[in-house]
Amino acid sequence: MTILVTGGAGFIGSNFVLDWLAQHDEPVVNLDKLTYAGNLNNLAGIEGDPRHHFVRGDIGDGELVGRLLRAHSVRAVLNLAAESHVDRSIAGPAAFIETNVAGTFRLLEAVRLYWGQLGQDRRQAFRFLHVSTDEVYGSLDAGAAASDEEHRYAPNSPYSASKAASDHLVRAWHHTYGLPVLTTNCSNNYGPFHFPEKLIPLVIFNALAGKPLPVYGDGRQVRDWLYVLDHCSALRRVLEAGRPGETYNIGSSNQVANIDVVHAVCAVLDELRPRPDGLSYAAQVSFVKDRPGHDRRYAVDAGKLERELGWRPAEMFETGLRKTVVWYLAHGDWVRGVTSGAYRDWVAQHYASERGAP
Ligand code: NAD
Ligand code: DAU
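The paragraphs below set out a description of the structure included in this document. (Residues numbered from 1 in each chain as written. Chains lettered and ligands numbered in written order. Predicted model: local features only at pLDDT ≥ 70, side-chain atom pairs only at ≥ 80, totals over all residues. Heavy atoms only, no water.)

Another aspect to go through is the site of ligand 2. Lining the immediate environment of ligand 2, one finds 24 residues, of which Asp134, Tyr159, Asn188, Arg291 and His294 sit closest. One of the side-chain N or O atoms of glutamate 135 is found 2.9 Å from an oxygen atom in ligand 2. With respect to ligand 2, the backbone of tyrosine 216 contributes an N or O atom lying 2.8 Å from an oxygen atom. A total of 690 Å² of accessible area belongs to ligand 2 in isolation, and the protein chains cover 94% of it. When residues in the shell around ligand 2 are grouped by element, the largest group, 3 residues, is from strand β8 (residues 213–216). The class makeup of the residues in the shell around ligand 2 is 10 nonpolar, 8 polar and 6 charged. (Near = heavy atom within 4 Å. Polar contact = N/O pair within 3.5 Å; in protein donor to acceptor, adjacent residues only side chain to side chain. Areas by Shrake-Rupley, 256 points an atom, 1.4 Å probe, with all protein chains shown as cover. Helix = DSSP H or I, 4+ residues; strand = E, 2+ residues; numbered from the N terminus. Nonpolar A, V, L, I, M, F, W, Y, C, P; charged D, E, K, R; others polar.)

This is the structure we're talking about:
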């Protein structure tokens, strides 16, 4: 048997594939379009591993997906492929609708066709796990309870709206066609292989490069941070024991304001790689123009996953953040590979023209 992972060269997808093969012998077909966010260096640790079969391609290519499903007798699909960055969705939403909405639709159709032709036992055992986000629940007021799975959908950005649309498609394919789907809604991840357009790796990269650390607005927006390997263990658990048609939140109740995240990264860097002038990296913090429509607070209630499937995160924010900074300091080659080409163009354009150079 084999699983098909989409988006397996991205941040969470590559962590998932590496972690899966460290725990299982079951092969992985890894389908990834290799957009700016896909990085084959993330998978260098399994180069030549016969259990890993990488294919460059689009989740919207139904013919390719169908061929892969049949050729590898796939027993489960984990859909991680997406456009994932909120700021990019504001600057150019079209790619988000194309991949997250239309791409998920085409993927569902290819999977439905394949699944419909399986024998009864394999049809029953088959799973389609759709990896989604807590952003579909929208922004929470300061004192409001964390969002559980019954929270109404209120996506506010083109990104979260596109993910919400994909969640609804997945739900409908279960309700109407009986496809055995599982949906997970996870909070902000951090850890190795995180592309430096996102807050934590951006702060690490900019701090070490002596550049400003851009904090949007007042920096008091709150995110619920989960170490990426905890997300991976939750996905494995949901795949293994989740009930088809159900939705599971994933998170670890680590609610931290952005400015405190930035200071926490600076504190670890101050200790492990002090600035030559003896000042704290926090001196590089620069408050810049806010993100349009910026959601104030996310927090997920992952109690259902703990109660029903016994999953709990292993990492605290402090320990996970330290591991993350240590990882970036130890992986200069990976960092240098990333700081070229499209990423540099994006940063120059985004921070210089739209927000004013911080
Ligand atoms: P990412 O941007 O790092 O990686 C996305 C990957 O998908 C890339 O490798 C890219 O090349 C690939 N891809 C994009 N379009 C594709 C297409 N049409 N066909 C095939 N491959 C394509 O994203 P990530 O942060 O790893 O997120 C993975 C998934 O998890 C996404 O669905 C995202 O919405 C969800 N998620 C992310 C977070 C987070 O904090 N990063 C939290 C919750 C949920
Ligand atoms: O909540 C889950 C989501 O978390 C995922 O679904 C998304 O794919 C993922 O990108 C992430 O979205 P965020 O918008 O929360 O992540 P980002 O790292 O872009 O921003 C985190 C917070 O930091 C957010 O409030 C915006 C702020 N920020 C971000 C950047 C890039 C800054 O203040 N400065 C910055 O330069």
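Strand order in this open sheet of 7 strands is β3-β2-β1-β4-β5-β6-β10, and the pairing throughout is parallel. Of all strands in the sheet, those bounded by a partner on one side alone are β3 (52–56) and β10 (247–250). Each strand axis lies, on average, 20 degrees off the axis of its neighbour in the sheet, ignoring direction. Across the face of the sheet, helix α6 (residues 158–177) comes into contact with β5 (127–133) and β6 (181–186) while running at roughly 155 degrees to β5. (Pairing = 2+ DSSP bridges. Axes fitted to C-alpha atoms, helices over the stretch in contact; angles between N-to-C directions. Contact = heavy atoms within 4.5 Å.)

This brings us to the pattern of salt bridges. The final tally for this structure, using the stated rule, is 22 salt bridges. One continuous salt-bridge network, built from bridges that share partners, spans Arg243, Glu246, Lys304 and Glu308. (Salt bridge = Lys/Arg side-chain N within 4 Å of Asp/Glu carboxyl O.)

Let us look at the environment of histidine 294. Mapped onto the elements of the fold, histidine 294 is located in the loop between β12 (285–288) and α10 (303–309). C-alpha separation for the pair histidine 294 and glutamine 221, spaced 73 residues apart in sequence, amounts to 8.4 Å. In contact with histidine 294, not counting residues within four places along its chain, are Tyr216, Gln221, Arg223 and Asn258.

Further remarks concern helix α2 (residues 62–71). Along α2, the residues classified as buried are Leu64, Val65, Gly66, Leu68 and Leu69. Buried residues along α2 sit against β1 (2–6), β2 (28–32), β3, β4 (74–79) and α4 (94–116). Backbone geometry just after α2 places serine 73 at a positive phi near 45 degrees. (Buried < 20%, exposed > 50% of the residue type's maximum accessible area, 1.4 Å probe, protein only.)

Here we come to the packing of helix α7 (residues 199–208) against helix α9 (residues 258–272). α9 packs onto α7 with a crossing angle of 45 degrees between their chain directions and a minimal axis gap of 10 Å. In terms of orientation, α7 lies oblique with respect to α9. Read as a crossing pair, α7 and α9 show a hand that is right-handed. Where α7 approaches α9, its residues Leu199, Ile200, Val203, Ile204, Ala207 and Leu208 are matched on the opposing element by Asn258, Val261, Val262, Val265 and Leu269. Within the contact of α7 with α9, the residues separate by chemical class into 10 nonpolar, 1 polar and no charged. (Parallel < 35°, antiparallel > 145°, perpendicular 65-115°, else oblique. Left-handed = near helix turned anticlockwise from the far one by under 90°.)

Mapping glutamate 271 onto the fold places it in helix α9. Given a relative accessible area of 49%, glutamate 271 falls into the partly exposed group. On a C-alpha basis, the gap between glutamate 271 and aspartate 224 in space is 25 Å, while along the polypeptide they are 47 residues apart. Separated by 2.7 Å, the side chains of glutamate 271 and arginine 322 make a polar contact.

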